[in-house]
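# Commentary on secondary and tertiary structure
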Amino acid sequence: THTSIPMKAVASGPALARALHRSYILRVSSDTDSFEFQVSEHLRLSGVYWGACALHLLGELQSLDAAQVVSFVRSCQRGCGGFGGNLGHDAHMLYTLSAVQVLALFGALHTVDAGRVMRYVASLQRPDGSFAGDEWGEVDTRFSYCALCCASLLGKLGDIDVAAAVRYVRACENFDGGYGCEPGGESHAGQVFTCVGALAIGGELGSVRSEELAWWLCERQTPGGGLNGRPQKDADVCYSWWVLSAMCLLRRDGWIDGEALRRFILSCQDEEDGGIADKPGDLPDVFHTFFGIAGLSLLGTDGVPPIDAAHAMPASVMEQLRAEQAAAASEGRPSPPPEFLTFVESAFTSRAEYDRWAAEMEAGREEAEGDRT
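In this report, we go over the structure that sits alongside the text.

Reading the values: the criteria
- Residues numbered from 1 in each chain as written.
- Predicted model: local features only at pLDDT ≥ 70, side-chain atom pairs only at ≥ 80, totals over all residues.
- Heavy atoms only, no water.
- Helix = DSSP H or I, 4+ residues; strand = E, 2+ residues; numbered from the N terminus.
- Buried < 20%, exposed > 50% of the residue type's maximum accessible area, 1.4 Å probe, protein only.
- Contact = heavy atoms within 4.5 Å.
- Phe/Tyr/Trp six-rings, centres within 6.5 Å; stacked < 30°, edge-to-face > 60°.

## Digging into the environment of Gly85
Mapped onto the elements, Gly85 comes out in the loop between helix H4 (66–75) and helix H5 (93–105). Taking the relative accessible area as the measure of exposure, Gly85 reaches 1% and is therefore buried. A sequence separation of 42 residues divides Gly85 from Leu43, and the C-alpha atoms of the two residues are 4.7 Å apart. If near-sequence neighbours (up to four positions away) are discounted, Gly85 is found in contact with Glu41, His42, Leu43, Arg44, Leu45, Asp90 and Tyr95.

What follows is the structure, encoded as structure tokens:
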């Protein structure tokens, strides 16, 4: 497994405001009238992943209504098998991964047809091995990572051309050891994580020029202790994940000042209302709250349990998932087919809305069955 390499726990400085962060995540998740909730409509499914995974790392996942969350996720699935960012939104690779991650967090992967999800993912792979984000064709190494991570979590790496996917990612490597969003694209820490994570999942981590890349990554640490995404940029809490996860996978996490990074992350906490911001003094959001807590997990501090650096999932969830997949494989049993949601169980606000979704899902199922025959 690609778990974090814990550093020595640090006792000095401010503490992680666990109770405040729990309250913050629950509050912003339920405040449907807020400006932030409205403008994040298009990426709601990813927001659920960030919030739920942060709560899991805080030992507070039970604070969420599991049935309600799983129902919402399943209601975001489209007839093609992929998931949109919200109810009625078009399917996209980013939100398909978020859906799979959330279902894995709640032990509910069995409620979706994994083969159908993977047919959608595989349909977006291009002849050069790259992946598009959706039917409109944008290509980015983020989507390569999403495809490989989805396939890995579902235990279906064989459903995509992993060798071709790896070749494409390797083609995005630059002279400095970093990676861009496409061949020739500028090295960026976010893309480095997606590419290193993809290569780790694809079994090709050894192809990375580890020394050069690790030097480029450790140079992302600023005098204030935080990490930036590329040269001459300000530090941002989210890079505590993007940079350090890649360094953990490369076994070079000791090349940065972990204590200074911890102090930077904790200085971005809102000590009155909870949540973690991108920089000290800014307003918090769920995105940075999750990645700040995940960064502390990679550092091995503040009692945050280990996280899998390749899949961005709690290590305990990955261990349970792999045990279940191994047991199913040894018994030779396929995953049980998921049943349709009933309207009462669904996240829809009207019967007509649900009926349209159910008809689309049934049409997609019939089309897939026709393709197989």
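Back to the write-up after that little detour.
## Some thoughts on unusual backbone geometry
The phi dihedral of Gln232 is positive, around 70°, even though this residue is not glycine. Mapping Gln232 onto the fold places it in the loop between helix H10 (210–218) and helix H11 (239–249). Of note, Ala312 is a non-glycine position whose phi angle comes to about 55°, a positive value. Topologically, Ala312 is positioned in the loop between strand E1 (307–308) and strand E2 (313–314).

## Some remarks on the packing of aromatic side chains
One pass over the full model with this rule turns up ten aromatic pairs. Relative to Phe287, the ring of Trp50 lies with its centre 4.9 Å away and its plane at 85°, an arrangement referred to as edge-to-face. With a gap of 237 residues between them, Trp50 in helix H3 (residues 44–57) and Phe287 in helix H13 (residues 286–299) connect regions that are remote in the sequence. Taking the relative accessible area as the measure of exposure, Trp50 reaches 15% and is therefore buried.

Note that every value here comes from positions in space, so none of it alone points to a role or purpose.
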